[in-house]
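A look at the structure
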Amino acid sequence: MSRDQRISDNWALISAQRKAIELKQPLAVVFCLAPGFLGATVRQYGFMLRGLEMVEDALAPKGIAFFLLEGEPTREIPRFLKQVRAGWLYNDFDPLRIKRTWKEEVAGAIRVPFMEVDAHNIVPCRVASPKQEWAAYTLRPKIKKQLDEWLESCPPLKKHPYPWTVEGHPVPWERVKAGLKVDRSVGEVSWLLPGEGPAKKALRSFIKEKLSKYGERKKDPGSNVQSDLSPYLHFGHISPLRVALEVKSSGPDTETVEGFLEELIVRRELADNFCFYNPEYDNFGGLPAWARKTLNRHRRDARPYLYTLEKLENARTHDPLWNAAQTEMVHHGKMHGYLRMYWAKKILEWTPSPEEAMETAIYLNDRYELDGRDPNGYTGIAWSIGGVHDRAWPERPVFGKVRYMGDKGVRSKFDVQGYLRKWGER
Ligand code: FAD
Ligand code: FO1
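Values in this document were obtained by computation on a predicted structure and should not be read as measured data.

1. Focus: a nonpolar patch on the surface
Together, Leu23, Trp88 and Met115 give the surface a local cluster of nonpolar side chains, amounting to about 250 Å² of exposed area. For Leu23, the location among the structural elements is in the loop between helix H1 (11-22) and strand S1 (28-33). Residue Leu23 is classed as partly exposed on the basis of its relative accessible area, which comes to 38%.

This is how it looks when you write it as structure tokens:
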């Protein structure tokens, strides 16, 4: 278990259980806690560990063991498989480079069959498309054509008929957390509780209280109609399949439901598609040729403002709206979706090169966002800074033909003063 940290609606876990039952063997879930993960801090590790503790608790009555390994997955997983004389290994799907490298190395070091099951995408990434898609409009019809086939409930995990008999060692969670060698200067957040239960509760309250307003108000950071599900989806505390099924069956009207599912399914799966088929998803080389060409042509354009990483990180620019968005991310751990575009585009405008802009945006996003280090983040940044999944727009300084977003446009969309009152100057 790696990306999909839950027991319900988890096709990877269900597939492993089916195999174990077929072979009349016990089943164990293993999570390997890596010594570091893409700049994650205690904010994200704390959230994840609490969720994993709930996974351990939920597996016990099912007769399924839970093991937390600590160290490099490429060493610890093969060692563990050998130690318990495992017959099969199942893993969830993840398009990120780091995970794919882990898997390749594990596959090379073990002798048992190794299966990968996409428990994160509704239409599995490889099935949705065999290549990198140009934009949402090219992926959408491919997904829509297959959606009915995949939009089906996942069976519940059974009480396992062949329980794990070896003496269990409950994970010493407090010790594990205290021993983490990660940056603790970015504090944990208390407004969102981790785990499967809280994730389902958040989904129910979104459907009841916000969904009907989602279509018309989602671009307004003051209206608070977003689902706030992204941290849960990122850590796999809830399955997009469950979210889609619940939203569909409760939906106020077709247009609203379709609007939400466009984000949850098409945009999210487009991000997995981009990261899976483009190994350079997090750098300038991964941008489309037209965007690299136009950004190269405008490399030497005068920048109206240039800021160091320190100034950006501390929200010390001339732009109160940008500073407020940065502050929301640093303190709250989740910036509103609409402002994320503006935030990233300004980093392109205010740093010396598109390479530095991407690096800076990814660093800040991954460090502070609870949902950072996700294909959605790398793709959102590549969209904002490098025109990925977008088209060419009228040419202008610095951006070239990459879509520009000025503060006047943004200010016309929502109550900026209200947002500034909440997140401005601290
Ligand atoms: P809702 O509006 O309630 O959407 C529900 C779900 O739909 C989201 O949780 C997400 O899974 C999906 N979704 C919504 N918008 C997008 C989108 N544009 N692209 C892909 N999927 C989408 N998302 C992350 O999960 N992690 C990130 O690190 C991240 N960084 C981003 C950085 C930039 C520069 C940009 C432009 C976007 C980024 N996004 C990221 C995408 C999007 O902004 C967030 O998914 C969304 O704001 C999460 O809040 P929510 O769950 O309340 O959204
Ligand atoms: N996955 C793991 O398998 N092991 C880890 O130690 C680990 C740490 C981690 C920390 C922060 C974070 O945001 C994610 C982390 N993940 C870890 C992976 C995560 O579950 C996601 O699968 C990917 O980040 C996105 O696909």
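2. Brief notes about the site of ligand 2
For ligand 2, the set of nearby residues contains 21 residues, the closest of which are Ser2, Ala34, Lys99, His234 and Arg373. In the environment of ligand 2, an oxygen atom lies 2.8 Å from a nitrogen or oxygen atom belonging to the backbone of Ala34. Between Lys99 and ligand 2, the recorded distance is 2.8 Å, taken from a side-chain N or O atom to an oxygen atom. For ligand 2, whose free accessible area comes to 520 Å², the fraction covered by protein is 99%. Of all the secondary structure elements, the ones that give two or more residues to the shell around ligand 2 are S1, helix H2 (42-59) and helix H4 (97-109). Looking at the shell around ligand 2 residue by residue, the classes come out as 12 nonpolar, 5 polar and 4 charged.

3. Considering helix H3 (residues 73-83)
Within H3, the full set of buried residues consists of Pro73, Glu76, Ile77, Pro78, Phe80 and Leu81. Note on H3: the residue one or two positions beyond its end, Arg85, has a positive phi of about 50°.

4. Re the packing of helix H15 (residues 320-332) against helix H17 (residues 354-368)
Where H15 contacts H17, the axes come no closer than 8 Å and their chain directions differ by 40°. Put simply, H15 runs oblique to H17. For the pair H15 and H17, contact is made by Gln326, Met329 and Val330 and by Leu364, Asn365 and Tyr368, respectively. Among the residues making up the contact of H15 with H17, the classes are represented as 4 nonpolar, 2 polar and no charged.

5. Notes on the site of ligand 1
Taken together, 26 residues form the shell around ligand 1, and within it Tyr214, Ser227, Asp228, Asn365 and Asp371 come nearest. Here an oxygen atom of ligand 1 sits 2.6 Å away from a polar atom, N or O, in the side chain of Tyr214. Asn376 places a polar side-chain atom, nitrogen or oxygen, 3.3 Å from an oxygen atom of ligand 1. When the free accessible area of ligand 1 is taken as 830 Å², the share hidden by the protein chains comes to 92%. The residue inventory of the shell around ligand 1, partitioned by class, reads 8 nonpolar, 10 polar and 8 charged. When residues of the shell around ligand 1 are sorted by domain, at least three fall in each of domain 2 (196-277) and domain 3 (284-423).

6. Section: the domain arrangement of the chain
Interfaces are often sized by the amount of accessible area the parts lose when they come together. Domain boundaries assigned for the chain yield domain 1 (1-120), domain 2 (196-277) and domain 3 (284-423). Once you take the C-alpha centre of each, domain 1 and domain 2 turn out to be 26 Å apart. Counting from both sides, the interface comprises 18 residues of domain 1 and, opposite them, 18 residues of domain 2. Summed over both sides, the interface between domain 1 and domain 2 buries roughly 1,700 Å², with carbon and sulfur atoms accounting for 55% of that surface. Taken as a group, Asp9, Phe47 and His120 account for 34% of the area that domain 1 buries against domain 2, more than any other trio of residues on that side. Between Arg3 and Asp272 there is a salt bridge, and its shortest N-O distance comes to 2.9 Å. The interface formed by domain 1 and domain 2 contains 12 residue pairs in polar contact (both at pLDDT 80 or more). Split into classes, the residues belonging to the side of domain 1 that touches domain 2 amount to 8 nonpolar, 5 polar and 5 charged.

The rules behind these values
Residues take numbers from 1 onward in each chain, read along the sequence in its written order. Chains carry letters and ligands carry numbers; both start at the beginning, A for chains and 1 for ligands, and go up in the order they are written. Under the rules for a predicted model, residues below a pLDDT of 70 receive no local features and side-chain atom pairs below 80 are neither given nor counted, while totals for whole chains, interfaces and linings still include all residues. Each side-chain value is derived from all of the structure's non-hydrogen atoms; neither hydrogens nor water enter the calculation. Put simply, a patch holds well-exposed residues, over 30% relative accessible area, that have no salt bridge, with like charges counted together within 9 Å and Val, Leu, Ile, Met, Phe, Trp or Tyr side chains within 5 Å. Only the protein chains shown count as cover for residues, and the accessible areas themselves come from Shrake-Rupley with a 1.4 Å probe. Every case where a carboxyl oxygen of Asp or Glu lies within 4 Å of a side-chain nitrogen of Lys or Arg is listed as a salt bridge. A helix here means a DSSP run of H or I that spans at least four residues, while a strand means a run of E at least two residues long, and both kinds are numbered starting from the N terminus. Any residue under 20% of the maximum accessible area for its type is buried, any over 50% is exposed, and the rest in between are partly exposed; the area is computed with a 1.4 Å probe on protein chains only. A molecule or strand has a residue near it when one of that residue's heavy atoms lies within 4 Å. Residues adjacent in sequence count toward polar contacts only when both atoms are side-chain atoms; beyond that, a polar contact is any pair of N or O atoms within 3.5 Å, and within protein one must be able to donate a hydrogen and the other to accept it. Under the scheme applied, nonpolar residues are Ala, Val, Leu, Ile, Met, Phe, Trp, Tyr, Cys and Pro; charged residues are Asp, Glu, Lys and Arg; polar residues are all the others, including Gly. Interaxial angle, 0 to 180 degrees, is taken between N-to-C directions of lines fitted to C-alpha atoms, where a helix line uses only the stretch in contact. Here roughly perpendicular refers to angles of 65 to 115 degrees, roughly parallel to angles under 35, roughly antiparallel to angles over 145, and oblique to all remaining angles. For this analysis, residues touch if any pair of their heavy atoms sits within 4.5 Å. Delimitation of the domains relies on an automatic or database domain assignment. Accessible area, probed at 1.4 Å, shrinks when two parts are joined; the buried area is that loss added up over both.

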